[in-house]
Each structure stands twice: as structure tokens, then as C-alpha cells.
Amino acid sequence: MLRPATRMLAAAAFALGLAVVPAKAQEFINVLTGGTSGVYYPLGVALADIYGKGIEGSRTQVQATKASVENLNLLQQGKGEIAFALGDSVKLAAEGNAEAGFPGPLDKLRGIAAIYPNYIQIVASQESGIKTLADLKGKSLSVGAPASGTELNARAIFAAAGLKYEDLGKVEYLPFAESVELIKNRQLDATLQSAGLGVASIRDLATSLPINVVAVPAADVAKIGSPYVAVTIPAGTYDGQAADVETAAVGNFLVSHDGVPEETAYQMTKLLFESLPQLVAAHAAAKAIDPAKALDGMPIALHPGAERYYKEAGILK
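Okay, so let's go over this structure.

Criteria and thresholds
Residues numbered from 1 in each chain as written. Predicted model: local features only at pLDDT ≥ 70, side-chain atom pairs only at ≥ 80, totals over all residues. Heavy atoms only, no water. Helix = DSSP H or I, 4+ residues; strand = E, 2+ residues; numbered from the N terminus. Buried < 20%, exposed > 50% of the residue type's maximum accessible area, 1.4 Å probe, protein only. Contact = heavy atoms within 4.5 Å. Areas by Shrake-Rupley, 256 points an atom, 1.4 Å probe, with all protein chains shown as cover. Lys, Arg positive; Asp, Glu negative; His and termini not counted. Charge placed at Lys NZ, Arg CZ, Asp CG, Glu CD. Axes fitted to C-alpha atoms, helices over the stretch in contact; angles between N-to-C directions. Parallel < 35°, antiparallel > 145°, perpendicular 65-115°, else oblique. Nonpolar A, V, L, I, M, F, W, Y, C, P; charged D, E, K, R; others polar. Phe/Tyr/Trp six-rings, centres within 6.5 Å; stacked < 30°, edge-to-face > 60°. Lys NZ or Arg CZ within 6 Å of the ring centre and 35° of its normal. Salt bridge = Lys/Arg side-chain N within 4 Å of Asp/Glu carboxyl O.

### With respect to the overall build of the protein
Line of reasoning, step 1. A tally of helices and strands in the protein yields eleven helices and ten strands.
Line of reasoning, step 2. Based on the C-alpha atoms only, the size of the protein along its principal axes is roughly 90 × 40 × 35 Å.
Line of reasoning, step 3. Burial statistics for the protein: of 317 residues in total, 50% are counted as buried.
Line of reasoning, step 4. Of the contacts formed within the protein by residues at least 6 apart in sequence, a portion of 75% connects residues at least 24 apart.
Line of reasoning, step 5. Total accessible area on the protein is roughly 14000 Å²; 55% of this is exposed by carbon and sulfur atoms.
Line of reasoning, step 6. A distance of 5 Å separates the average location of the 26 positive side-chain charges in the protein from that of its 31 negative side-chain charges.

In C-alpha cells:
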């Protein structure tokens, strides 16, 4: 049995503990990704795990979305703490491009890091006979979810190639996995997907039936200009792809908003680069994440927490 003095000390310690606990509010981090068959989602799951274990007092969640455009609008509304988005979408969001799906300038967005490039990958069933962009005329093509980052990429590619949606036999606005299922069932000729190399949906399609990977010529990419760059999909990226294929790429970014505390954004940035092996294990696209390139093409102001990390790391003077 405790002596009175001991009981008093224990009671005081307990009361002190009760006083201290509320001072550290639980940090909620909602990671906004994309469809579950894309690259954003597995990387988002890995990030949520990293942040949940590495940021004291945090509770994390992963939200599957329609990707870039939806993610940026959700951030502006404070309905997420960090999101994946394509560079051209981020630029259009900051400008408030209504046609791209932004009701006004999204002024609360703040940059965390440039991560890896999205490759514009146009894949058709071999039996469709589609080998070039011009061959898409009169055929059916899925261009991604409406007003998604992928669909914005599709518009840019079509404009550079002198094509319009009206030139197609049919336009579908579907996520990656659904597009692939329609091609497998001979209900769709081709799909345009903006994602990291080796995206699961196209790997699935290539193992199911013979495909053609359609080139986007460097001359067309040059017509679009920044933030698009000419790149190559290496031979063997997908089953049956015997040769390199020219296409365009657009950088992906991790974005936050100005309502996220500076310390949280600092930890999110720091842990991103300290946990690259875990991210690469989640998806090979993460091999391209490099702190030395983290500020390349950043279309918006950095979050102060991310800025602090880059100054500490000597990346930002």
C-alpha cells in the first residue's frame, strides 16, 4: 500500500501527465494519389507508411482519386495534406485555368518536391492496326478520366499532332484499369496513359494480348514546349515491345498547401528523401527521385517547411 506522501507524488505526476498530453495534437496526413492501377497510388501507400512511422503523433490515410486536377482542388479546400500532380496541371491550377478544371487561381498550393517524370504512353491492340498518331483517326481511344492530368496531356499531344477528338471514332474518359479491360474485351482500340514507366495497367494489357506502343515524335513534343520534354520508352519496357519508342514526358510533383504546419512539411520533405529504398520497392518509377533535381521546374512557391529542408541540405542557397 502506498504511503500518503507517495500517493501525493503519484497523483501529481498523473495530473502533470494529463496536462501535457493535449499539448501535442494528433497530426492528420491525408495523401492524395490517383487510381489504384497507376503509379501514384502505390507510392502514396508507401509515403503514408513512412510518414505514419516517422512523424511523431501522426495518423495517415491514403485517398485514391482521379489524380492531378482533383488532387489540387482538394488541397485548395484543405481536404488533403500532400498530393501527387503533374507539372502542367500544377501550373494551370496556379493560373486558375477554368478549361483545365480549376474554378479560379489555387493560391494556397505550395510545392514540396519534383519527383519523377510521367511518360505519355499510347498503347493500342495490334489487331486495331494503330501504329502512329495519324492511325488513331476513326478509332476508339480512352484519354483518361475527364479533366484529369492525363486528359490534359492528351489534349496537348493531339493539338501538337494536328488532331482533334472529333477525328476519333469514339472517345472514352476512363481510368487506366477500365481502359485496359475494354481493350482486352475488344471494345476499345487504344489507351493514352500518363504514368511512370512500367505502369501496372499497361503491363497487364501487354501480357494479355499483342500491343503496339505508339510514338509521339520529338518534333511534336517540341511544338508543345515546357513543361513537356522528348523522351524514349526503352525497348522491353512492356512484353512484345521490341524497339525504343519516342514520346513526351511531364514532371510529377508532390504538392501541399499553406495550411500545413511548417514542421510537418519539413518532415514530409526530409522523410521523402531519406526513404527512397522503400519508395523504389513500392514502384520502380521512384528510382528517378533525386534531391538534386527536386526543385527542377517547380511551378509554384515552395512550402516554407520544404524550403527549410532544401537550405539545410545545401540544395537551396
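### Here's the deal with the environment of Lys131
Line of reasoning, step 1. Inspection of the secondary structure puts Lys131 in the loop between strand 4 (109-125) and strand 5 (140-142).
Line of reasoning, step 2. A relative accessible area of 60% means that Lys131 is categorised as exposed.
Line of reasoning, step 3. Spatially, the C-alpha atom of Lys131 lies 40 Å from that of Leu109, the residues being 22 residues apart in sequence.
Line of reasoning, step 4. Contacts of Lys131, omitting those with residues within four sequence positions, involve Asn212, Val214 and Ala215.

### Brief notes about the packing of helix 4 (residues 87-95) against helix 5 (residues 149-160)
Line of reasoning, step 1. The geometry of helix 4 relative to helix 5 is characterised by a closest axis approach of 9 Å and an angle of 95° between their N-to-C directions. One way to sum up the angle between helix 4 and helix 5 is to call them roughly perpendicular. Where helix 4 approaches helix 5, its residues Asp88, Ser89 and Leu92 are matched on the opposing element by Gly149, Leu152 and Asn153.
Line of reasoning, step 2. Tallied by class, residues from the contact of helix 4 with helix 5 come to two nonpolar, three polar and one charged.

### Description of helix 4
Line of reasoning, step 1. Looking only at helix 4, the buried set comprises Gly87, Asp88, Ser89, Val90, Leu92 and Ala93.
Line of reasoning, step 2. Those residues of helix 4 that are buried lie in contact with helix 3 (68-76), strand 3 (82-86), strand 4, helix 5, strand 9 (228-233) and strand 10 (245-257).
Line of reasoning, step 3. Directly after helix 4, the chain includes Gly96, whose backbone phi takes a positive value near 75°.

### Description of the packing of aromatic side chains
Line of reasoning, step 1. Tallied over the full model, the rule gives seven aromatic pairs.
Line of reasoning, step 2. With a centroid separation of 5.1 Å and an interplanar angle of 25°, the aromatic rings of Tyr40 and Phe84 are classed as stacked. Pair noted here: Tyr40 is in helix 2 (residues 40-54) and Phe84 is in strand 3, with a separation of 44 residues, a long-range link. Taken as a pair, Tyr40 and Phe84 share a single burial class, namely buried.
Line of reasoning, step 3. Of the aromatic side chains, those joined through ring pairs into one cluster are Tyr266, Phe273, Tyr309 and Tyr310.
Line of reasoning, step 4. In this structure, Arg308 packs its charged tip against the face of Tyr266, placed 4.0 Å from the ring centre.

### Topic: the pattern of salt bridges
Line of reasoning, step 1. For the structure on display, the rule yields 14 salt bridges.
Line of reasoning, step 2. In this structure, Arg155 engages Glu99 in a salt bridge whose closest nitrogen and oxygen atoms are separated by 3.8 Å. Linking Arg155 in helix 5 with Glu99 in the loop between helix 4 and strand 4, this pair joins segments that are 56 residues apart in sequence.
Line of reasoning, step 3. Measuring nitrogen to oxygen at the nearest pair gives 3.2 Å for the salt bridge that ties Arg186 to Glu127. Here Arg186, found in the loop between helix 6 (176-184) and strand 7 (190-195), pairs with Glu127, found in the loop between strand 4 and strand 5; they are 59 residues apart in sequence, far enough to count as distant. Grouping residues by exposure puts Arg186 and Glu127 together as exposed.
Line of reasoning, step 4. Connected via shared salt-bridge partners are Glu99, Glu151 and Arg155.

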